[in-house]
Amino acid sequence: MEGDHLWYEAAHVVGITNALNVAADGLAALPAVTALLPPVAETGVDQPTGELFAEIRAFYGRGDVPPVFRFLARDPAYAADVWAATRRAFGDNKLARRFKEALAFAVSLTSRSEWGTGFHLGEMKRLGVGDAGVMEVIGVTQMFSSYTKIADTLQLEPDMGDIAPVDDSPAPGGPPR
Amino acid sequence: MPTVRLRDASEYPDPARKLFELSKSWFNHDFKHPPAMSRVMAWDPEFGGPHGRAMKRAMAPGEWSRGEKEMVAAVVSGVNACAY
């Protein structure tokens, strides 16, 4: 996993996953919130929102739009941008989409996002990850949820930061160094 | 600053020092001193032993590569806001 590109991609997945989880668990899943701010209906919407929902359904290969996107679609322009970032972050690139779903599952599990954990587990399985592969991600997530707390409790200082090689490549599209 | 005094490798008994050598091959890096976490886990072999075996089992290549698992570990550490 050498080269900064991979790590930038991973960071984007982590960020947008957390953003979706915050809205999914903290807003879209709460009846007290949706009673006051109802999500946009699946059907009978204006054309831009309908196209957005169609794209989301196609990307996830499902017949419904995840509630978080219907909630965000209360502001269609905002929802479109969040979706564009989500689609970009999760699309196949240097990292494969199925692995990105594994990262998102680990992030969701670690941050106790009920919606994110279930959603990304479903995506992992849909994209062909087997039970053993899921358990591997759970194992790594659990073990590093232990190491991190041991390190924090003892306030250990980083001592392995220099074991990875430095990537001297320029920014994408930038002049050579 | 750590809340405990991290012992030098030479302060540990032989079995622990052998494990420190193994950590070099695990990380494929010639550490000047064993990583702090290795020294912490060696403090109580009855805890560190099974914990380390569980970690090695979890990190072994399977459906995901070791590199992919290191990335999962990194994002979990990030979400846990752990700088170590």
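Attention in this report is confined to the structure presented alongside it. (Residues numbered from 1 in each chain as written. Chains lettered and ligands numbered in written order. Predicted model: local features only at pLDDT ≥ 70, side-chain atom pairs only at ≥ 80, totals over all residues. Heavy atoms only, no water.)

Considerations on the overall build of chain B
No. 1: What chain B contains, in helices and strands, is 4 helices and 0 strands.
No. 2: Projecting the C-alpha coordinates of chain B onto the three principal axes gives extents of approximately 40 × 25 × 25 Å.
No. 3: The 84 residues of chain B split such that 42% are buried.
No. 4: Within chain B, residue pairs in contact and separated by at least 24 positions form 47% of the contacts whose partners lie at least 6 positions apart.
No. 5: Working note: accessible area of chain B is about 5,000 Å², and carbon and sulfur atoms make up 57% of it.
No. 6: On chain B, the mean spot of the 12 positive side-chain charges and the mean spot of the 10 negative ones are 2 Å from each other. (Helix = DSSP H or I, 4+ residues; strand = E, 2+ residues; numbered from the N terminus. Buried < 20%, exposed > 50% of the residue type's maximum accessible area, 1.4 Å probe, protein only. Contact = heavy atoms within 4.5 Å. Areas by Shrake-Rupley, 256 points an atom, 1.4 Å probe, with all protein chains shown as cover. Lys, Arg positive; Asp, Glu negative; His and termini not counted. Charge placed at Lys NZ, Arg CZ, Asp CG, Glu CD.)

Some details on the nonpolar core
Where a protein is soluble and globular, its nonpolar side chains tend to be buried together.
No. 1: Within the largest apolar cluster, 65 residues are counted, with the highest numbers of intra-cluster contacts made by Leu103(A), Phe144(A) and Met37(B).
No. 2: The dominant element in this core, judged by the number of residues it contributes, is helix α1 (residues 4-28) of chain A, at 9 residues.
No. 3: With near-sequence residues (within four places) excluded, Leu103(A) lies in contact with Ala10(A), Val13(A), Leu95(A), Met71(B), Val72(B) and Val75(B).
No. 4: Counting residues in hydrophobic clusters, the runner-up holds 5 residues, among them Tyr12(B), Ala16(B), Phe20(B) and Ala42(B). (Core = buried A, V, L, I, M, F, W, Y, C linked by side-chain atoms within 4.5 Å.)

Some points on the packing of aromatic side chains
No. 1: The tally for this structure, following the rule as stated, stands at 11 aromatic pairs over all chains.
No. 2: An angle of 50° between the planes, with centres 5.6 Å apart, marks the rings of Phe99(A) and Trp64(B) as tilted. Of this pair, Phe99(A) sits in helix α6 (residues 97-110) while Trp64(B) sits in the loop between α3 (45-59) and α4 (66-79), placing the two residues on different chains.
No. 3: For Phe99(A), a relative accessible area of 2% puts it in the buried group.
No. 4: A relative accessible area of 3% places Trp64(B) in the buried class.
No. 5: Arranged with centres 5.7 Å apart and planes meeting at 85°, the rings of Phe27(B) and Phe31(B) form a pair that is edge-to-face.
No. 6: Clustering of aromatic rings is evident, with ring pairs tying together Phe59(A), Tyr60(A), Phe69(A), Trp83(A), Trp115(A) and Phe119(A).
No. 7: Against the face of Phe59(A) rests Arg97(A), its NZ or CZ located 3.7 Å from the ring centre.
No. 8: Over the ring of Trp26(B) we find Arg66(B), and its NZ or CZ is 3.8 Å from the ring centre. (Phe/Tyr/Trp six-rings, centres within 6.5 Å; stacked < 30°, edge-to-face > 60°. Lys NZ or Arg CZ within 6 Å of the ring centre and 35° of its normal.)

Here's the deal with the interface of chain A and chain B
No. 1: Counting residues at the interface gives 45 residues for chain A and 41 residues for chain B.
No. 2: Counting across the interface, chain A meets chain B through 2 salt bridges.
No. 3: Across the pair Glu136(A) and Lys69(B) runs a salt bridge whose closest N-O atoms are separated by 3.0 Å.
No. 4: For the interface between chain A and chain B, the tally reads 14 residue pairs in polar contact (both at pLDDT 80 or more).
No. 5: Of all the elements in the fold, those that place two or more residues in the side of chain A that touches chain B are α1, α6 and α8 (131-153) of chain A.
No. 6: Looking at the side of chain A that touches chain B element by element, the count peaks at 18 residues for α8(A). (Salt bridge = Lys/Arg side-chain N within 4 Å of Asp/Glu carboxyl O. Polar contact = N/O pair within 3.5 Å; in protein donor to acceptor, adjacent residues only side chain to side chain.)

Some thoughts on the side chain of Thr117(A)
All names here are of chain A.
No. 1: Among the secondary structure elements, Thr117 is positioned in helix α7 (residues 114-126).
No. 2: A polar side-chain atom of Thr117 sits 2.7 Å from the main-chain carbonyl oxygen of Ser113.
No. 3: In this structure Thr117 touches Phe105, Ser108 and Leu109, once residues within four positions along its chain are discounted.

Structural notes on α7(A)
Residue and element names in this part refer to chain A.
No. 1: With 13 residues, α7 extends 18 Å between its outermost C-alpha atoms, agreeing within 8% with the 18 Å of an ideal straight helix rising 1.5 Å per residue.
No. 2: Listed as buried for α7 are Trp115, Gly116, Thr117, Phe119, His120, Glu123 and Met124.
No. 3: For α7, the elements touching its buried residues are α1, α3 (47-60), α4 (67-72), α5 (76-90), α6 and α8.
No. 4: Count one or two residues on from α7 and you reach Gly128, which has phi positive near 100°. (Expected span 1.5 Å × (residues − 1).)

So, unusual backbone geometry
Outside of glycine, negative phi angles account for most residues, and trans bonds account for most peptide bonds.
No. 1: With phi around 55°, Arg112(A) is a residue other than glycine that occupies positive phi space.
No. 2: Locating Arg112(A) in the fold gives a position in the loop between α6 and α7.
No. 3: Of note in the backbone geometry, Ala81(B) takes a positive phi value of approximately 55° without being a glycine.
No. 4: By secondary structure assignment, the location of Ala81(B) is in the segment after α4.

A look at the environment of Asp131(A)
Residues and elements named next belong to chain A.
No. 1: Relative to the assigned elements, Asp131 resides in helix α8.
No. 2: In this structure Asp131 comes out as exposed when scored by relative accessible area, which is 53%.
No. 3: Spatially, the C-alpha atom of Asp131 lies 26 Å from that of Ile56, the residues being 75 residues apart in sequence.

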